[in-house]
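Architecture and fold: a report
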Amino acid sequence: MADGSRKGAKTSRLRVSRLSSLSLPCLSAHITASHLLAGLGSGVLSAVLLQPIDLLKTRVQQAGHHSLRRVLAELRDASSQPEARGQPRSFVASLYRGTVPSALRTGFGSALYFAGLNAIRSSAATIPVLSGRASSLSSPSSPSSPSSPTPSSSSLVRLSNTGNLLTGAVARAAAGFVLMPLTIIKVRYESSLYAYRSLAAAASDIARADGLRGFFVGFGATALRDAPYAGLYVLLYEQVKRRLNRWAAAGPSASTSASHVSLSAAAGINFSSAVIAAATCSVVSNPFDAVKTRIQLQPARYRNMLQTARRMLAEEGARSMWDGLALRMSRKAMSSALAWTVYEELIRRADRRWS
């Protein structure tokens, strides 16, 4: 026991020595870079793997006939025609149309989102109401109390429910605004209304038709979709993850560590938490996604969020607000599971390296 204590103390001194050898700005830069790279890698991976689902969702929301089968039939018919106006000839290739703008948008969007989320959460951790310290002090016997730590599958900063909700919403809205031009190009690439041959041609066409405003059309609907989605997502993700961590800690294969569960258990917990949170939040935010898609694809016909919603309800009924829901739930569940599991694992590895 004494040898173990001396070994632990020696390890702690080595970690302190390693951290003290780095200046605070240098360490902060390394942490930010870790979150940027982890977000970029996880975002690009999920975007490339799930592009067919994203394209089908856009086509279903664009068409207004609510039928995935009909969209697939149209893609097959188009693939049998000679290649024209930049449209891909093969059916499989047509499912991956728009992969480049999608990977750029999702990759850089995830990088900005995760880096921003980490910075905002780190700042929020200093505020008692957002960090949860106030509730811990008022109820010292609660599971979140420092006196009874729960093993965690994550290296991320822990916040209260309010903190998780607000930080997720703010980080996502900010990243969404910065990446809005790529979002417009991505959606138009995926639709059948445009036949862009390159990103430059798409940007040139949008600028010529609508000017700078064209790159931010539909931002209101996008923000109302993304901010609540991300806020609720982070809240549910952390809640589900906390419960699963407790079950893992109480199970027969629980880790001997007081602060972290095993690597395999952590990946499973993070993956499952992401799937549950993403699927739930997709249902809540789908009407905003349907409205956003119409505005971004046909800005002359759908001028703003309120007018678009009224027109869709009047012409197509309430069902139009749920176009593409199954596809979006599937895509969001899988992309969030991939992105957050990869991101959390990369951050865990980075923390071990710098701690």
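So, how was this worked out
- Residues numbered from 1 in each chain as written.
- Predicted model: local features only at pLDDT ≥ 70, side-chain atom pairs only at ≥ 80, totals over all residues.
- Heavy atoms only, no water.
- UniProt positions renumbered as here; feature names shortened; annotations may be inferred.
- Phe/Tyr/Trp six-rings, centres within 6.5 Å; stacked < 30°, edge-to-face > 60°.
- Helix = DSSP H or I, 4+ residues; strand = E, 2+ residues; numbered from the N terminus.
- Buried < 20%, exposed > 50% of the residue type's maximum accessible area, 1.4 Å probe, protein only.
- Lys NZ or Arg CZ within 6 Å of the ring centre and 35° of its normal.
- Salt bridge = Lys/Arg side-chain N within 4 Å of Asp/Glu carboxyl O.
- Expected span 1.5 Å × (residues − 1).
- Bend = angle between axes of the 7 residues up to and from the residue.
- 1 Å grid on protein atoms, 1.4 Å probe; cavity = no way out; pocket = protein on both sides within 12 Å on 5 of 7 lines; lining within 4 Å.
- Points joined across faces, edges and corners; volume = space filled by probe spheres on them.
- Nonpolar A, V, L, I, M, F, W, Y, C, P; charged D, E, K, R; others polar.

The name an unreviewed UniProt entry assigns to the protein is Mitochondrial glycine transporter, from the organism Grosmannia clavigera. What UniProt states about the protein under its Sequence similarities (unreviewed entry) heading is, verbatim, "Belongs to the mitochondrial carrier (TC 2.A.29) family. SLC25A38 subfamily." What the UniProt record of the protein gives under Function (unreviewed entry) is the line "Mitochondrial glycine transporter that imports glycine into the mitochondrial matrix. Plays an important role in providing glycine for the first enzymatic step in heme biosynthesis, the condensation of glycine with succinyl-CoA to produce 5-aminolevulinate (ALA) in the miochondrial matrix."

Before going further, it helps to examine the packing of aromatic side chains. Applying the stated criterion across every chain, the model contains 13 aromatic pairs. Relative to Tyr-237, the ring of Tyr-233 lies with its centre 5.6 Å away and its plane at 10 degrees, an arrangement referred to as stacked. Of this pair, Tyr-233 and Tyr-237 both sit in helix H12 (residues 219-250), four residues apart, which is roughly one turn of that helix. You'll find Tyr-233 and Tyr-237 in the same group, each marked buried. Ring pairing ties together the aromatic residues Tyr-113, Phe-114, Tyr-229, Tyr-233, Tyr-237, Trp-340 and Tyr-343, which thus form one cluster. Its end group placed over the ring of Phe-91, Arg-76 keeps NZ or CZ at 5.4 Å from the ring centre. Just above the ring of Tyr-302 sits the side chain of Arg-311; from NZ or CZ to the centre is 5.9 Å.

A few words now on the pattern of salt bridges. With the rule as written, the count across this model stands at 17 salt bridges. Its salt-bridge partner being Asp-226, residue Arg-225 comes within 2.6 Å of it at the nearest N-O pair. No difference in accessibility class separates Arg-225 from Asp-226, as the two residues are buried. Between Arg-294 and Glu-316 there is a salt bridge whose closest N-O contact spans 2.8 Å. Of this pair, Arg-294 sits in helix H13 (residues 263-297) while Glu-316 is found in helix H14 (residues 305-316), placing the two residues 22 residues apart along the sequence. With relative accessibility at 2%, the residue Arg-294 sits in the buried group. On the basis of relative accessible area, Glu-316 is assigned to the partly exposed category, the value being 23%. Linked by salt bridges that have partners in common, Lys-57, Arg-172, Arg-225, Asp-226, Asp-289 and Arg-328 make up one network.

Turning our eyes to something else, we now look at H13. For H13, built from 35 residues, the straight-helix expectation of 51 Å at 1.5 Å per residue is missed by more than 12%, its first-to-last C-alpha distance being only 43 Å. Along H13, the largest kink reaches about 55 degrees and is centred on Ser-285; proline Pro-287 follows within four residues of it.

Quick look at helix H11 (residues 199-210) now. Think of an α-helix as turning once every 3.6 residues; residues three or four places apart then point the same way. Between the first and last C-alpha of H11 there are 16 Å, a value that for 12 residues agrees with the 16 Å anticipated at 1.5 Å per step. Downstream of H11 by one or two residues, Gly-211 has phi in the positive range, about 70 degrees.

What follows is about empty space enclosed by the protein. All chains considered together, the criterion is met by three cavities of 30 Å³ or more. Roughly 520 Å³ of internal volume is contained in the largest cavity. Elements represented by at least two residues in the lining of the largest cavity include exactly helix H3 (51-63), helix H6 (99-124), helix H10 (180-190), H12, H13 and helix H15 (325-354). For the lining of the largest cavity, the per-class residue count stands at eight nonpolar, seven polar and 12 charged.

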